Each structure stands twice: as structure tokens, then as C-alpha cells.
Amino acid sequence: MDLPITVASDGTVAAEQKISDTVGGLTAVLDDSDGFGNATASIGDLDGDGIVDIAVGAYADGDGGANRGAVYVLFLNADGTVKAEQKISSTTGGLTGPLDDSDYFGRSVAGIGDLDGDGIIDIAVGAYLDDGGGTDRGAVYVLFLNTDGTVRAEQRISSNAGGLTGPLGDNDGFGQSVAGVGDVDGDGIVDIAVGAYQDDDGGSNRGAVYVLFLNADGTVKAEQKISDTTGGLTGTFDNSDYIGTSVAGVGDLDSDGIADIAFGAFGDDDGGTNRGAIYVLFLNAGGTVKAEQKISDTTGGLTGTFDNFDYIGYSMARVGDLDSDGIADIAVGPFGDDDGGTSRGAVYVLFLNADGTVRAEQKISSLSGGLTGPLDDNDYFGRSVAGIGDLDGDGRIDLAVGAYFDDDGGTDRGAVYVLDLTGIVHVNSTGDSSDATPGDNMCDSGGTNSEGDPECTLRAAIEEANASADITGINFDIPTSDPGYSAGPVSWTTQPSSVLPSITQTVTIDGSSQPGWVSTPVVEIDGSLAGAGVWGLDLVADNVTIRGLTINGFTEDGIQVDSASSGATIVGNHIGLDPSGLIDLGNARGIELQSGSGPTTVGGAAAADRNVISGNAGDGIIVWGSDANTIIGNYIGTDATGNAPIPNDADGISLLSSSSNNIIGEAGAGNVLSGNGDDGFEMGPGGGNIVHANHVGLGVDGTTVVANGR
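Just so you know, these numbers come straight off a predicted model, no measurement behind them. (Residues numbered from 1 in each chain as written. Predicted model: local features only at pLDDT ≥ 70, side-chain atom pairs only at ≥ 80, totals over all residues. Heavy atoms only, no water.)

(A) Fine view of the overall build of the protein. Each helix and strand counted, the protein has one helix and 48 strands in total. Taking 27 Å as the expected radius of gyration for a compact globule of 710 residues, we find that the protein reaches 28 Å, a close match to that expectation. Principal-axis analysis of the C-alpha atoms places the extent of the protein at approximately 90 × 50 × 45 Å. Among the 710 residues that make up the protein, the fraction classed as buried is 60%. For the protein, long-range pairs separated by at least 24 residues make up 63% of all intrachain contacts whose partners lie at least 6 apart in sequence. Element-wise, carbon and sulfur atoms account for 47% of the exposed surface of the protein, whose accessible area totals about 22,500 Å². Considering the protein, the positive charge centre built from 26 side chains and the negative charge centre built from 107 side chains are found 6 Å apart. (Helix = DSSP H or I, 4+ residues; strand = E, 2+ residues; numbered from the N terminus. Rg over C-alpha atoms; globule rule 2.2 N^0.38 Å. Buried < 20%, exposed > 50% of the residue type's maximum accessible area, 1.4 Å probe, protein only. Contact = heavy atoms within 4.5 Å. Areas by Shrake-Rupley, 256 points an atom, 1.4 Å probe, with all protein chains shown as cover. Lys, Arg positive; Asp, Glu negative; His and termini not counted. Charge placed at Lys NZ, Arg CZ, Asp CG, Glu CD.)

Next comes the structure, spelled out in C-alpha cells:
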């Protein structure tokens, strides 16, 4: 079940809280090699304090005997620290079992809602090397909990208990993964999926998943096996693919009224040895597969760079609708990823399409996604992952990620990271209304857009971002029914009636997020109605990014970088032109970098980062006593082809007032400074400036004459 959110996210990390033997409020004494964090799950608000709680597996815990395993129910504070805890093992927490040595109880764990209708949340726990019926066949325990996390009652499901007909074989590892998948058969009782990752249907260790239709007492009413030889799966599988390494419910992706699931096959060799894969399965009501979509290094829309032994899909979880597009998203843990060092691990947040392919992704690792860690070699961050809803009440979904070989307190004791994700609001209207309640983490003017949804305008989005540090991104999703939409050229135009608010908090405004964007900025900010003495966007905060916008018609600067601002990035915009980049609709000036600002990056080596800054009444870019800026790869004074003039009436770039240590062009990323009314480039006093590899008076092709005035 997805918890309600008011703010979308791009999957990057805004803040984190580590829970381990030495930090985060855990009072239990972990032992070496416990592997705390090998499994994590959101279980809902067990103690009724309004904050989501989690369960964490420590599958090699030695209570009662070697490797019998344990699960910790963690009652969390809103900041991700542990308020209280309850261990469930062979010797504590009310479990009667009995567990045996090397059962590895806690190998997997899942919240399954209130199965028995007593008003208290229940969980399922895998013991994947349980010997019920034969060696290492595996088992799942359905645990009916008390509100303090102790076990009130339990039901074991295995080869010889709980109504499973199977049959399971020796070494199947049933219980390697477990997930609540919703009510697949529509009987009003939650069903679960269980991985038996070493099942031999079709070949050695190809694996299998069982969809179990449960009774309210946790026994199995019916089951459907999905493997290489049964259940409707059509994919081609190989030995040691390990289907069912992980499993997750993904909601009703295809909107057919039946819950769908996904499983991991961490030994899949698409692209290289053991890179891993994920399968999204669209189910029939009986649990058989109606259709499927594979996601791997070579198929399904995944764009990340993967290496051998990354193990994509070893862990996986539904994390809710992070980007607010109406489609559930998932997180997967290639825990063998080597970002920053050997096997430090990673998590990918995958934003899905309704057909199960990947629309976008965000990697979180030692080197990416905002994680500060630090992670160490062989931490195996991403061994487990869970979506835990909005823990801290900031309107955004949070994640819990296991690093089961973290060494806090001792070797391989393990850890869990609670990740607070960044927030994004989506502009869905070209209107100009203000935000109704700035600071409430909701971009809402109080009106509705053209499709009847709560309206978020650009003005309202900036106001909300200024009022809330939780908002770090402004994206666009304006429908074609909006009155500001034009089909030729495709664009969505907002016309502010007055000056827009200065940007006073770090934020990324990304016009390239608008559906319909391909390579040109289709979101247009037209200042022709804003009045005299008005700029387009005024950047006051540090580290603001402006991407993929068309900005024209303002009586001052298209973009002004204030003296207080540093670290700004301005890329992929048309400033002074229309969205096509072919028509002059200039501002008074293109970009102004005020004295004291900087460093600012304008443009880049990639075509997508190129700004076209032309048609303005003054300079294309004016730098007033601003230092250490990088201005590369832009067309300044030409149209979007780079070979025809649309003059800035003054200079292309003016470097004035002792501006120093600026980079104007670099090898492979020179600016085109051509077609301007005065100089292509003017430089006053200052030191350390590097001007290199620019085309001045020529087009981007290096041969077409596009003369400046002088």
C-alpha cells in the first residue's frame, strides 16, 4: 500500500540516518557476522504513534544456536533513529518455532498488513534453509504481532506445514524472498509471493516464485508456482539465474484490476556475468503470468552502466509513486556495485512506465545520488531495500537500505540507512497564480488546471521552494489542454503579470522534464506582460540550476545571478529567442553575472547543455566583477543552428569590472560568438581569464561568416 505523499522526488538523497551497532539509537548488542540489514521491510505503524515502523533481518544471529537468525522490529522516530525495538529470535520475542541451527530466520521479511483482522499489523519472515520436509527446502513464518512487536501467534509455511502443496525440493531455498502483493484473487485477504531461488524447474538453480493465496490464519488456501516450466512465464532462463532472489508487489501497473509483481534474477548474464535482471509480471487473478517485461543491462530501458557481478535484482521493493505520475516505482539493489571501492554497493530507484519498462532512474551509491555515507569496501549497501512511506512528515517517500556487512562495532555486524529523499513539485499550468500556503510542501494555487487537478504554476512553485528547504526541484508536467499550449512549434508559454519571486533556496528548475521535450526548450517564460524593470529569473541562493527553459520578452535580464549567489548552473536554455531558437523575442540582456557572484557555469560540452543566447537588446552575457565562471559551448548571437545571425545588439560576452579567472571556451566546447551588434567578445581589466577555442565571427561549422559589428 502506498502512503499518501504531497511532494514528488527524483530519487536523490536529501538526508540520511544510519542505524547500526554504534549509531542511530539501536540498543541491542549485535555480534560479528550477524548481517543486520540483510532484509528490511516497512511494516506500517505498529505502535500507533503516527510514524512508520520497520522490520530488519539479522539472518546469521546466533540466539539459541549458530545462524538461527533473528528479526528486529524497530519503532522509529521521525528522524529515522530508533525509539524502541523488539527482537524476535529463537530465545526472545514470543516465537515458538522451533528454529534450528542454520535456518537463517530473517533472510527475508515483509509487512503484510492485518491478515487476521485483529487491528494489529502482521509480518512474514523467511527462513530459507529450514529443513522442513528435506534439507534446506526453506520456510516462511507468518507472525501475528502484538503492538509491542512480540509474537502473539505464528503459522509456518513449508514443505510439511501450513497447507503448501508444492512440492518443494531439497535446497530450493523457499523463503529467500517474501513480499505482500495485495489481494490478487479478490477474496479480501492479502496474498504473498515467496521466492525459491534454487528451484530446478527447467535446469539447475533457475529458481521459482510462489504466489500464495492465504487464509486469515496464515495457512495457504491455494498457490501458483511461476518458473521456467510453469505459470505462464515466457522468458528464456539459464541455469543459475536464481529467479525469486527478490520479489515485490508493484500494484496494478497495467490497470486491469489485478495486482502485479516483480522478481529479481541476480544471476542473469545479460551484458556480462551475473549482472542480474528484474522481471515485471502482469498477473491473471489466478496468479499465472499474463505478460512480462524484463529489465536488465540490455533490455527494458535501463540506462545505467553495469559490471559483472553487480547482481541487479538481488534486492527489490515497491517504493510507491515517487514521481507522482500515477505509476508505482521500485528500488533495486545491485549490492555488488563497485562505485567508490570494491562491493560498496548501490541502489537504483527505477521510475516505471505502465508497461513495466524504465522511464528514468536514479543511482544512489558512494559516488552518486547524494549519499554521504561514507560506505566502505564490502559493505554491500543495497543488500536489502524498502519503501517506508513518509517517515518524517515532509510529504516525501523515504527509503530504508541495508548494508549487511557494515563493520560498525565489529566485523560484518551490518547496518541500515534511512534515506530522506529530495522533494520535487510539478508545474502543471501556465497560469500565474501564487501558492495558497507557501511552506506546506504542496504547490497549490487553490485553483485547478485544465484537467481539473490542483493547480501548480511556476510562480507558486518558486514560492513553495523558497518557503521549504524540502523542495529541491521544480519539474513540469503541463497538459496539452492548457491554454498556454501551442502545437507549432510545440511549447507551453507562461506570461507572468509581474516580477517572479527571486530564487532564495537551492533548487533545480528543469524545463526538460516537460513531456514533449526532445532537444529544445518547450517551456517558455514570456515577460512581455510583466512590466518595466523586470527580470526573468533572479538567482539569489547558492547552487541553483536552470535547465531547459525559453526566457524572452523581459525588460531587464533574462537571468540575473545575484551577488550573493555561487555555484549556479545555467544549461540548455534559449534566452532571447522563441522555443524553436529561430525567432528574435529578446530580453534587455541575456544573462548578467553580478559583482561578487560565482563561480557560475553557463553551458557545457554536451549539446543538451548548450544555451542559445541571442536577440537581446544589450549584451548576451555581461560579467560584472564576477570571478571563476565557466562559459562554454554556447551559441551567442546566432540562431539555434549556430550558423545564422540573431544579434544581441551589444556584445556577445562582456567581461568587465576586473572580472578574473574566468574560462571562456575550452577545447571541444568553444562558444560561437558571432552575429552580435558590437563585439563578439569584450574584456576589460582583470587577470587570469582564459579565452580559448571560440568561433568569433564564424558559425559553428567554422566556415560560414556570421560577422559581429566589430
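(B) Expanded view of the pairing of strand S15 (residues 260-265). Burial analysis of S15 places six of its six residues in the buried class, which makes it a mostly covered element. Along S15, one buried face is formed by Asp260, Ala262 and Gly264 and the opposite face, lined by Ile261, Phe263 and Ala265, is buried too. Alignment of strand S14 (residues 243-251) against S15, held across six bridges, turns out to be antiparallel. Across the sheet, alanine 248 pairs through a bridge with alanine 262, a residue of S15. Pairing of S15 with strand S16 (residues 277-283), which is carried by five bridges, proceeds in the antiparallel orientation. Paired with isoleucine 261 across the strands is leucine 281, a residue of S16. (Pairing = 2+ DSSP bridges.)

(C) Layout of the sheet that holds strand S45 (residues 672-673). The strand order across the open sheet formed by nine strands is S27-S28-S30-S33-S36-S39-S42-S45-S48, and the pairing between neighbours is mixed. Only two strands of the sheet have a single partner each, and these edge strands are strand S27 (485-487) and strand S48 (695-696). Note: strand S33 (residues 549-552) against strand S36 (residues 574-575), two bridges, orientation parallel. Bridged to threonine 550 within S36 is histidine 574.

(D) The arrangement of the environment of alanine 460 in detail. Among the secondary structure elements, alanine 460 is positioned in helix H1 (residues 458-467). Classification of alanine 460 as buried rests on a relative accessible area of 0%. Along the chain, alanine 460 and glutamine 86 lie 374 residues apart, while their C-alpha atoms are 45 Å from each other. In this view, alanine 460 contacts Ser433, Ser434, Asp435 and Cys443; residues no more than four positions away in its chain are not counted.

(E) Expanded view of the sheet that holds strand S26 (residues 471-476). Spatially, the nine strands line up as an open sheet ordered S25-S26-S29-S32-S35-S38-S41-S44-S47, and their pairing is parallel. The open sheet has two free edges, formed respectively by strand S25 (423-427) and strand S47 (690-691), since each of these has just one partner strand. In this sheet, strand S32 (residues 545-547) lies alongside strand S29 (residues 508-510) in parallel orientation, the contact comprising three bridges. Looking at the pairing, aspartate 510 lines up with arginine 547 of S32. Packing against the sheet, H1 makes contact with S25, S26 and S29, and its axis sits at approximately 170° to S26. (Axes fitted to C-alpha atoms, helices over the stretch in contact; angles between N-to-C directions.)

(F) View of the packing of aromatic side chains. Enumeration according to the criterion identifies 23 aromatic pairs in this entry. An angle of 20° between the planes, with centres 5.4 Å apart, marks the rings of tyrosine 311 and phenylalanine 335 as stacked. Taken together, the positions of tyrosine 311 in the loop between strand S17 (289-296) and strand S18 (315-320) and phenylalanine 335 in the loop between strand S19 (329-333) and strand S20 (346-352) put the pair 24 residues apart, joining distant regions of the chain. Taken individually, tyrosine 311 and phenylalanine 335 each receive the classification buried, so the pair is uniform in this respect. Between the aromatic rings of tyrosine 485 and tryptophan 492, the centroid separation amounts to 5.0 Å while the plane-to-plane angle is 45°, which identifies the pairing as tilted. Above the plane of the ring of tyrosine 128 lies arginine 107, whose end atom (NZ or CZ) is 4.0 Å from the centre. (Phe/Tyr/Trp six-rings, centres within 6.5 Å; stacked < 30°, edge-to-face > 60°. Lys NZ or Arg CZ within 6 Å of the ring centre and 35° of its normal.)

(G) Inspection of unusual backbone geometry at higher detail. Backbone torsion omega between glycine 166 and proline 167 reads -5°, so that peptide bond is classified as cis. Mapping proline 167 onto the fold places it in the loop between strand S9 (151-158) and strand S10 (174-182). That bond from glycine 488 to proline 489 is cis: its omega, -15°, falls within 30 degrees of zero. Residue position: proline 489 is located in the loop between S27 and strand S28 (490-494). With phi around 65°, tyrosine 242 is a residue other than glycine that occupies positive phi space.

(H) Expanded view of the state of the cysteines. Scanning all chains against the criterion turns up one disulfide. A sulfur-sulfur separation of 2.0 Å characterises the disulfide bridge that pairs cysteine 443 with cysteine 456. On the sign convention where negative means left-handed, the S-S torsion of about 90° between cysteine 443 and cysteine 456 marks this disulfide as right-handed. Placement of cysteine 443 in the loop between S25 and H1 and of cysteine 456 in the loop between S25 and H1 is noted, with a sequence separation of 13 residues between them. In this structure, cysteine 443 and cysteine 456 share a single accessibility class: buried. (Disulfide = S-S within 2.5 Å.)

(I) The environment of alanine 153, seen in detail. One can find alanine 153 in strand S9. For alanine 153, a relative accessible area of 28% translates into the label partly exposed. Considered as a pair, alanine 153 and serine 486 are 333 residues apart in the sequence and their alpha carbons are 62 Å apart. Excluding residues within four positions of it along the chain, alanine 153 makes contact with Val142, Leu143 and Phe144.

(J) Broad picture of the side chain of glutamate 524. By the secondary structure assignment, glutamate 524 is in strand S30 (residues 523-526). One buried charged residue, glutamate 524, remains without a salt bridge, the closest side chain of opposite sign being arginine 459 at 16 Å. A distance of 2.8 Å separates a polar atom in the side chain of glutamate 524 from a polar atom in the side chain of asparagine 552. When residues no more than four places from it in sequence are discounted, the contact partners of glutamate 524 are Ser491, Trp492, Thr493, Thr494, Thr550, Asn552, Asp578, Pro579 and Leu585. (Salt bridge = Lys/Arg side-chain N within 4 Å of Asp/Glu carboxyl O. Polar contact = N/O pair within 3.5 Å; in protein donor to acceptor, adjacent residues only side chain to side chain.)

(K) Representation of a nonpolar patch on the surface in the model. A cluster of nonpolar side chains, contributed by Leu582, Ile583 and Leu585, occupies part of the molecular surface with about 260 Å² of accessible area. Residue placement: leucine 582 occurs in the loop between S36 and strand S37 (589-593). A relative accessible area of 48% places leucine 582 in the partly exposed class. (Patch = residues over 30% accessible without salt bridge, like charges linked within 9 Å, V, L, I, M, F, W, Y side chains within 5 Å.)

(L) Fine view of the environment of aspartate 435. Along the chain, the position of aspartate 435 falls in the loop between S25 and H1. Separated by twelve residues in the primary sequence, aspartate 435 and glycine 447 have C-alpha atoms spaced 9.7 Å apart. With near-sequence residues (within four places) excluded, aspartate 435 lies in contact with Asp440, Met442, Cys443, Asp444, Ser445, Ala460, Glu463 and Glu464.

(M) Region of interest: H1. Within H1, nine of the ten residues are buried, which leaves the element mostly enclosed by the surrounding structure. Against the buried residues of H1 lie S25, S26, S28, S29, S30 and strand S31 (537-539).

(N) The pattern of salt bridges, seen in detail. Evaluated as defined, the whole model comprises 34 salt bridges. Arginine 206 is the partner of aspartate 228 in a salt bridge, and the nearest nitrogen-oxygen pair spans 2.6 Å. Of this pair, aspartate 228 sits in the loop between strand S13 (220-227) and S14 while arginine 206 sits in the loop between strand S11 (191-196) and strand S12 (208-214); the two residues are 22 residues apart in sequence, bridging distant segments of the chain. Residue arginine 206 is classed as buried on the basis of its relative accessible area, which comes to 15%. Put simply, lysine 363 and aspartate 337 hold a salt bridge, and the shortest N to O gap is 2.8 Å. Taken as a pair, lysine 363 in strand S21 (residues 358-365) and aspartate 337 in the loop between S19 and S20 lie far apart in primary sequence, 26 residues in all. Residue lysine 363 is classed as buried on the basis of its relative accessible area, which comes to 14%. Through salt bridges that share partners, Glu556, Asp557, Arg589 and Glu592 make up one connected network.

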